[in-house]
Amino acid sequence: MTTFTIRPATTSDVRVIQRLVEPLVNQRILLGKDLVVFYEAVQEFRVAVSPEGEVIGCGALHVMWHDLAEVRTLAVASEWLGTGVGHALLDQIEHDAKMLGLERLFCLTFETAFFARHGFEPVEEDLVDPTVFAQLALSPDEGIAEFLDLSRVKPNTLGNTRMLKRL
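Each chain has its residues counted from 1, following the order in which its sequence is written. For this predicted model, a pLDDT threshold of at least 70 governs which residues receive local features, and a threshold of 80 or more governs which side-chain atom pairs are given and counted, while totals over whole chains, interfaces and linings are taken from all residues. As a rule here, side-chain values cover all heavy atoms of the structure and leave hydrogens and water aside.

Draft legend 1. Fine view of the overall build of the protein. For the purposes of this entry, the term helix denotes a DSSP run of H or I that reaches at least four residues, the term strand denotes a run of E that reaches at least two, and both are numbered from the N terminus. Across its full length, the protein holds seven helices and seven strands. Tracing the protein from N to C terminus, the helices and strands come up as β-α-α-β-β-β-α-β-α-β-α-α-α-β. Here the globule rule reads 2.2 Å times residues to the power 0.38, and the radius of gyration is calculated from C-alpha atoms. The C-alpha radius of gyration of the protein comes to 15 Å, within 12% of the 15 Å expected for a compact globule of 167 residues. Its C-alpha atoms give the protein principal-axis dimensions of about 50 × 30 × 25 Å. Relative accessibility under 20% of the residue-type maximum defines a buried residue, over 50% an exposed one, and the middle range a partly exposed one, all with a 1.4 Å probe and only protein chains included. Here the protein holds 167 residues, and the buried ones make up 46% of them. Residues count as neighbours in contact if any of their non-hydrogen atoms are within 4.5 Å of one another. Long-range contacts, defined as pairs at least 24 residues apart, comprise 67% of the intrachain contacts of the protein with a sequence gap of at least 6. Of the roughly 9,000 Å² of accessible surface on the protein, 53% is carried by carbon and sulfur atoms. Once the 15 positive and 24 negative side-chain charges of the protein are each reduced to a mean point, those two points are 1 Å apart. Values of accessible area rely on a 1.4 Å probe in the Shrake-Rupley scheme; residue burial ignores everything except the protein chains shown. Under the counting rule used here, the positive set is Lys and Arg, the negative set is Asp and Glu, and His together with the chain ends is not counted. Taken as the charge centre is NZ of Lys, CZ of Arg, CG of Asp or CD of Glu, depending on the residue.

Structural data, given as structure tokens:
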């Protein structure tokens, strides 16, 4: 069995992360992001690295509120699918969330079976109270707009399932 390691992303990983995500963007599984957005969020990312040093997967933890964060941009190179890379990345992201004192993890995904295996459940109801909603609505972040289910981002979220895990 081939092994891999998980580590924090560095700025030298950013272009590789964008290339890794690009096929999923083209399939409309993930939303595309400009390169500058990946650089701005590099500290949120963890990468999986092959024994040869190749970045083979990525995922990010984006804090939204004192108790809530989103799993973002979870992607695995096609030749590494089914080898546990995605599971290991999500486990690391959950560990990081707990270390930050977060209580809930959110994702907006087509991969419902994968996230369900990790304890995420589909949600329909509002996930924050009106006061928090008003604060979050001030954020320019498109992912937060998607979390809030704002009408301006509806085309981005069609077919996705909103899922939540309590840590």
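Still more to cover.
Draft legend 2. Just helix α3 (residues 85-99), in detail. Compared with an ideal rise of 1.5 Å per residue, which puts 15 residues at 21 Å, α3 spans 21 Å between its outermost C-alpha atoms and is within 8% of the ideal. Those residues of α3 lying buried are Val-85, Gly-86, Leu-89, Leu-90, Ile-93, Glu-94, Asp-96 and Ala-97. After α3 finishes, the residue Gly-101 shows a positive phi value of roughly 85°. Multiply 1.5 Å by the residue count of a helix minus one, and that product is the helix's expected span.

Draft legend 3. Representation of unusual backbone geometry in the model. One non-glycine residue, Arg-28, adopts positive backbone phi at about 65°. Along the chain, the position of Arg-28 falls in the loop between α1 (14-26) and α2 (35-40). Judged by its relative accessible area of 65%, Arg-28 is exposed. The phi angle at Thr-73 is positive, at roughly 55°, despite the residue not being glycine. Within the fold, Thr-73 resides in strand β4 (residues 68-76). Take Thr-73: its relative accessible area is 8%, and that puts it in the buried class.

Draft legend 4. Region of interest: the pattern of salt bridges. A pair is scored as a salt bridge if a Lys or Arg side-chain nitrogen falls within 4 Å of a carboxyl oxygen belonging to Asp or Glu. Scanning all chains against the criterion turns up five salt bridges. With a closest N to O distance of 2.7 Å, Asp-13 and Arg-7 form a salt bridge. Here Arg-7 falls in the partly exposed class, since its relative accessible area comes to 28%. When the shortest N-O distance is used, the salt bridge between Glu-94 and Lys-165 registers 2.7 Å. With Glu-94 in helix α3 and Lys-165 in strand β7 (residues 161-166), this pair connects stretches of sequence that are 71 residues apart. With respect to burial, Glu-94 and Lys-165 carry one shared label: buried.

Draft legend 5. Summary view of the nonpolar core. Grouped together as the largest cluster of nonpolar side chains are 39 residues, with contacts concentrated most on Ile-17, Phe-45, Cys-58, Val-71, Phe-115 and Phe-120. At the level of secondary structure, the elements contributing two or more residues to this core comprise α1, α2, β2 (45-49), β3 (55-65), β4, α3, β5 (104-109) and α4 (112-116). Residues in contact with Phe-115, not counting those within four places in the same chain, are Val-71, Leu-74, Leu-90, Cys-107, Thr-109, Phe-120 and Met-163. Formed by 12 residues, the second largest nonpolar core is a distinct cluster that contains Val-128, Val-132, Leu-136 and Ile-144. Only buried residues count toward a nonpolar core. Its members are Ala, Val, Leu, Ile, Met, Phe, Trp, Tyr and Cys residues joined through side-chain atoms within 4.5 Å.

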